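# Inside the fold
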Amino acid sequence: KLDSACDGLHKDNIQHILEEEQARNRFQLELEFVQCLANPNYLNFLAQRGILRDRSFINYLKYLLYWKEPEYAKFLKYPHCLHMLELLQYEHFRKELVNAQCAKFIDEQQLLHWQHYSRKRMRLQQALAEQTQAQPQTAPPHGNAAAK
């Protein structure tokens, strides 16, 4: 009886390990796919092949909206993909992506946004650094003075 109980535990452990591995693989696959949605040229590719008209794919896009939740979004390197995922919920947007000019326009807008963001961030960091340097450096109080 002990052997059969151990076999049962062993099989349960193996099953649990396999389920965890499948969950990790699914997470990684969906993470990579969601981030691909930030690429308008990839979206154009999908649209031109009719994939964005497939009802099961549209349902999959709806399912992927869970990536907008903070506990999942924190893993994204390209958060812009969430905006594209949101837009892909609309049929009109999916239809427009067939047009290569639409994808090109989105690509250009992304580039302009990133350039503006980078310049603005650099200016803010410079201003903060200048502000920090302009503040008078005061020496910390003497050990005995701090204790009083």
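Further up the page is the structure itself.
Cut-offs and rules
Residues numbered from 1 in each chain as written. Predicted model: local features only at pLDDT ≥ 70, side-chain atom pairs only at ≥ 80, totals over all residues. Heavy atoms only, no water. Buried < 20%, exposed > 50% of the residue type's maximum accessible area, 1.4 Å probe, protein only. Helix = DSSP H or I, 4+ residues; strand = E, 2+ residues; numbered from the N terminus. Arc of directions from axis to C-beta. Core = buried A, V, L, I, M, F, W, Y, C linked by side-chain atoms within 4.5 Å. Contact = heavy atoms within 4.5 Å. Salt bridge = Lys/Arg side-chain N within 4 Å of Asp/Glu carboxyl O.

Residues of helix 5 (residues 80-87) that are buried: Cys81, Leu82, Met84 and Leu85. On an axial view of helix 5, the arc spanned by its buried residues comes to 160 degrees, and they lie on one face.

If you look at the biggest cluster of nonpolar residues, it comprises 24 residues, and the most contacted ones within it are Leu52, Leu61, Leu64, Trp67, Leu88 and Leu97. Going through the elements one at a time, helix 1 (2-36), helix 2 (40-48), helix 3 (55-63), helix 5 and helix 7 (100-134) are the ones with two or more residues in this core. With 4 residues, the single largest contributor to this core is helix 5. Every residue in contact with Leu61, bar those within four places of it in the chain, is listed here: Phe33, Leu37, Leu52, Leu85, Leu88 and Gln89.

Should their charged atoms come close, side chains of opposite charge can pair. One pass over the structure, following the stated rule, counts 5 salt bridges. The partner of Glu86 in a salt bridge is Lys68, and the shortest N-O contact between them spans 2.5 Å. One end of the pair, Glu86, is in helix 5; the other, Lys68, is in the loop between helix 3 and helix 4 (70-73), with 18 residues separating them in the sequence. According to the relative accessible area criterion, Lys68 is partly exposed, its value standing at 40%. In this structure, Lys104 engages Glu108 in a salt bridge whose closest nitrogen and oxygen atoms are separated by 3.4 Å.

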